[in-house]
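Report on the structure
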Amino acid sequence: MRVAVVGGGIAGLAAAWELTCGPQPADVTVFEPGPLGGRIQTETFLGHRVDTGADAFIARVPDGVGLATELGIEEELIAPAARRALILVGGRLRPLPDGLVLGAPARLRPLLRSGIISPAGVLRAALDLVLPPTTWPEDPSVARVVGRRFGSQVAERLVDPLVGGIHAGGTEHLSAESTAPQLARAARSHRSLLLGLRALPSPPDGPLFLAPRAGMGRLVDRLVEALGQRGVRFETLAVSRIIGEKGGAVMVEPFGAFDAAVVATPAGVATDLVLDSAPDASDELRGIRSASVVLATFAYRRSEIAVPDGTSGILVAAGEGRLMTACSFGSAKWPHWSDRDTMVLRVSAGRAGDERALQLPDDDLVDQLQRDVAGALGTTASPFHWRVSRWREAFPQYEVGHRTRVERIEAALRRDLPGVALAGASLRGSGIPACIASGRQAARSLRGRGSGT
Ligand SMILES: Cc1cc2nc3c(=O)[nH]c(=O)nc-3n(C[C@H](O)[C@H](O)[C@H](O)COP(=O)(O)OP(=O)(O)OC[C@H]3O[C@@H](n4cnc5c(N)ncnc54)[C@H](O)[C@@H]3O)c2cc1C
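Note that the coordinates shown come from a computational prediction; the quantities given were computed from them, not determined experimentally. (Residues numbered from 1 in each chain as written. Predicted model: local features only at pLDDT ≥ 70, side-chain atom pairs only at ≥ 80, totals over all residues. Heavy atoms only, no water.)

**Looking at the pattern of salt bridges**
Scanning all chains against the criterion turns up 26 salt bridges. For Arg440, the salt bridge identified is with Glu18, shortest N-O distance 2.7 Å. One end of the pair, Arg440, is in helix 17 (residues 432–445); the other, Glu18, is in helix 1 (residues 10–19), with 422 residues separating them in the sequence. The salt bridge involving Arg188 is made with Glu177; its shortest N-O contact spans 2.9 Å. Of this pair, Arg188 sits in helix 8 (residues 181–189) while Glu177 is found in helix 7 (residues 176–179), placing the two residues 11 residues apart along the sequence. Judged by its relative accessible area of 41%, Arg188 is partly exposed. Through salt bridges with shared partners, a single ionic network connects Glu18, Glu70, Arg440, Arg444 and Arg447. (Salt bridge = Lys/Arg side-chain N within 4 Å of Asp/Glu carboxyl O. Helix = DSSP H or I, 4+ residues; strand = E, 2+ residues; numbered from the N terminus. Buried < 20%, exposed > 50% of the residue type's maximum accessible area, 1.4 Å probe, protein only.)

**Points about the domain arrangement of the chain**
Considered domain by domain, the chain is made up of domain 1 (2–75 + 212–289 + 399–445), domain 2 (98–198) and domain 3 (290–396). Here the C-alpha centre of domain 3 lies 27 Å away from the C-alpha centre of domain 2. Between domain 2 and domain 3, the contact holds 11 residues from the first and 10 residues from the second. Both faces combined, the contact of domain 2 with domain 3 buries some 660 Å², and carbon together with sulfur accounts for 57% of it. Here Arg351 ties to Asp160 by a salt bridge, and the two come within 2.8 Å at their closest N and O atoms. Here domain 2 is connected to domain 3 by three residue pairs in polar contact (both at pLDDT 80 or more). For the side of domain 2 that touches domain 3, the residue count by class is four nonpolar, five polar and two charged. (Domains from an automatic or database assignment. Contact = heavy atoms within 4.5 Å. Buried area = accessible area lost by both parts, 1.4 Å probe. Polar contact = N/O pair within 3.5 Å; in protein donor to acceptor, adjacent residues only side chain to side chain. Nonpolar A, V, L, I, M, F, W, Y, C, P; charged D, E, K, R; others polar.)

**Observations concerning unusual backbone geometry**
The linkage connecting Glu253 with the following residue, Pro254, adopts the cis geometry, with an omega of 5 degrees. As for its placement among the helices and strands, Pro254 is situated in the loop between strand 14 (250–253) and strand 15 (256–258). Here the phi dihedral of Leu46 falls at roughly 50 degrees; this positive angle occurs in a residue that is not glycine. Among the secondary structure elements, Leu46 is positioned in the loop between strand 3 (42–45) and strand 4 (48–51). Even without being glycine, Glu393 reaches a positive phi, approximately 45 degrees.

**Some points on the site of the ligand**
With respect to spatial proximity, 32 residues lie near the ligand, and among them Glu32, Arg39, Ala56, Ser430 and Ile432 are the closest. A distance of 3.2 Å separates an oxygen atom of the ligand from a polar atom in the backbone of Ile10. Protein coverage of the free-state accessible area of the ligand, which is 1000 Å², stands at 86%. Those elements giving two or more residues to the shell around the ligand turn out to be helix 1, strand 21 (385–396) and helix 17. Ranked by the residues each element gives to the shell around the ligand, the list is headed by strand 21, at three residues. No fewer than three residues from each of domain 1 (2–75 + 212–289 + 399–445) and domain 3 (290–396) sit in the shell around the ligand. (Near = heavy atom within 4 Å. Areas by Shrake-Rupley, 256 points an atom, 1.4 Å probe, with all protein chains shown as cover.)

**Remarks on empty space enclosed by the protein**
Summed over the entire model, instances satisfying the criterion amount to one cavity of 30 Å³ or more. Taken together, Val263, Thr265, Pro266, Ala267, Ala270, Leu285, Leu422, Ala423, Ser426 and Leu427 make up the lining of the largest cavity. (1 Å grid on protein atoms, 1.4 Å probe; cavity = no way out; pocket = protein on both sides within 12 Å on 5 of 7 lines; lining within 4 Å. Points joined across faces, edges and corners; volume = space filled by probe spheres on them.)

**Observations concerning helix 17**
Relative to the 20 Å expected for 14 residues at 1.5 Å per residue, helix 17 spans 20 Å between its end C-alpha atoms, a close match to the ideal helical length. All of the buried residues in helix 17 are Ile432, Pro433, Cys435, Ile436, Ser438, Gly439, Arg440, Ala442 and Ala443. (Expected span 1.5 Å × (residues − 1).)

**So, the environment of Ser277**
Mapping Ser277 onto the fold places it in the loop between helix 11 (267–273) and helix 12 (279–286). For Ser277, a relative accessible area of 13% gives the class buried. Between the C-alpha atom of Ser277 and that of Arg241, which follows or precedes it by 36 residues, the distance is 8.8 Å. Non-local contacts of Ser277, meaning those with residues more than four positions away in its chain, are made with Ile242, Ile243, Gly244, Asp416 and Leu417. Within the local environment of Ser277, its side chain forms a polar contact with the backbone oxygen of Ile242, the two atoms lying 2.6 Å apart.

**Side note on the environment of Val232**
The residue Val232 is located in the loop between helix 10 (217–229) and strand 12 (233–235) in this model. For the pair Val232 and Arg191, spaced 41 residues apart in the sequence, the C-alpha separation amounts to 52 Å. Contact partners of Val232, with chain neighbours within four places excluded, come to Thr20, Val28, Val30 and Leu227.

**Remarks on a nonpolar patch on the surface**
A surface patch of nonpolar side chains, about 320 Å² in accessible area, is lined by Leu127, Leu129, Val130 and Leu195. By the element assignment, Leu195 lies in helix 9 (residues 193–198). For Leu195, a relative accessible area of 35% puts it in the partly exposed group. (Patch = residues over 30% accessible without salt bridge, like charges linked within 9 Å, V, L, I, M, F, W, Y side chains within 5 Å.)

**A look at the packing of aromatic side chains**
Aromatic rings considered in pairs are described by the distance between their centres and by the relative angle of their planes. Applying the stated criterion across every chain yields a total of five aromatic pairs. Between Phe31 and Phe258, the ring centres sit 6.0 Å apart and the planes meet at 90 degrees, which makes this aromatic pair edge-to-face. A residue pair is termed long-range when its members are at least 10 positions apart, and Phe31 in strand 2 (residues 27–31) and Phe258 in strand 15 qualify at 227 residues. When its relative accessible area of 2% is taken as the criterion, Phe258 is described as buried. Here a set of aromatic residues connected by ring pairs shows up, and it is made of Phe31, Phe255 and Phe258. Over the face of the ring belonging to Phe258 we find Arg2, whose NZ or CZ atom lies 4.5 Å from the ring centre. The ring of Phe384 has Arg301 lying over it, and the distance from NZ or CZ to the ring centre is 3.8 Å. (Phe/Tyr/Trp six-rings, centres within 6.5 Å; stacked < 30°, edge-to-face > 60°. Lys NZ or Arg CZ within 6 Å of the ring centre and 35° of its normal.)

Structure (structure tokens):
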């Protein structure tokens, strides 16, 4: 079977890996006009290998560790050295309290002690225990679930910075089922959300996040190397259109005919690729909006800046009026990213509907972000070296109704373009393990095509 994989991000590469596993490996060509790895890029920054996109993957979802194990690099995986996040709220930095599930409290005492929520806000959250049950729509937004049960302070000061931060979007639009399934499950299974959260199985022991010591790019490099050994070809070519042919073959323009294709591009690109051949799928794909973000990597002199011990970074509540949406203490999480004299911070900006950061020239952007960092950490220090990475349309927005939209897209594609399967961050999870799982699943769904079957 000849298969085209369109997009060489982690989802496309995982699809190529799955297609070449087993006794009858497919003949695979990966089309990728940009750097392989897509949103996973590790670059040299002041002589150290530093991630300028994703810097770790969640360990609990098995597909990340599983792929690293298959590639023989599981022993290279390390956990961040610092774990506890801070939150900037009301102009002050405070540690996130214990007992949170995606920002929602399973316990009230740590919440009260945290100072993030006012005593009146904690009382409002406690009302959840006595409020009558809520009748939920099929797919409520995250803000609706949390706001209804715990009140607006918990929704705005804890859950929105966490869940909204992960997806670079506003929780008033994000689907609870698709972006916070634990919250959705807890809300549906119990009258009280607090009790529902307490009843969730506790997370397994061990690190929450992992990454290869040499950076996330190591996973990509090792995967590309192993794919090469399996005979997979790589073409630095952008695919412009995919059309179904008589007999079930798939024309991948401008390259040629294949038995099947995996489309592992962002939804906006997939929209155009299948516009002519699967117009209904294309229409639905167009409805998946995405957010652009900017990530500035800053190097400071250690003598001029300090971060609180054991902390991994800062989340910023949307109401704080800052351009910075988060700041990750790179050298605290990954000590090998810098040396004794240097501290590396990664500062993010940009959210769905807010493209200010994307539009600013580098100098202005760096200036504003370094002032945000200085204000949050109470320092006058400024970075002596920096790099700006612009990630356009990087975070698909799983808005209310997302899951059924994906089902409609896949049904339309099966009907109109049966040799093509979709994969990637736009579908069922934008975290790296979910993208790996989606690539492998897309590959499995194509098995049996070609060679006259
Ligand atoms: C700054 C940042 C930080 C992140 N941090 C984390 C993190 O710490 N942990 C985590 O789990 N996730 C993180 N993510 C999310 C995660 O990195 C992505 O969701 C994931 O890597 C997406 O993989 P993908 O293969 O679906 O898409 P992509 O990586 O976007 O790959 C799609 C590829 O398709 C290619 N393409 C586009 N058009 C065409 C065309 N016409 N023809 C052929 N190819 C085409 C693109 O060039 C691209 O390489 C982060 C994302 C960003 C941007």
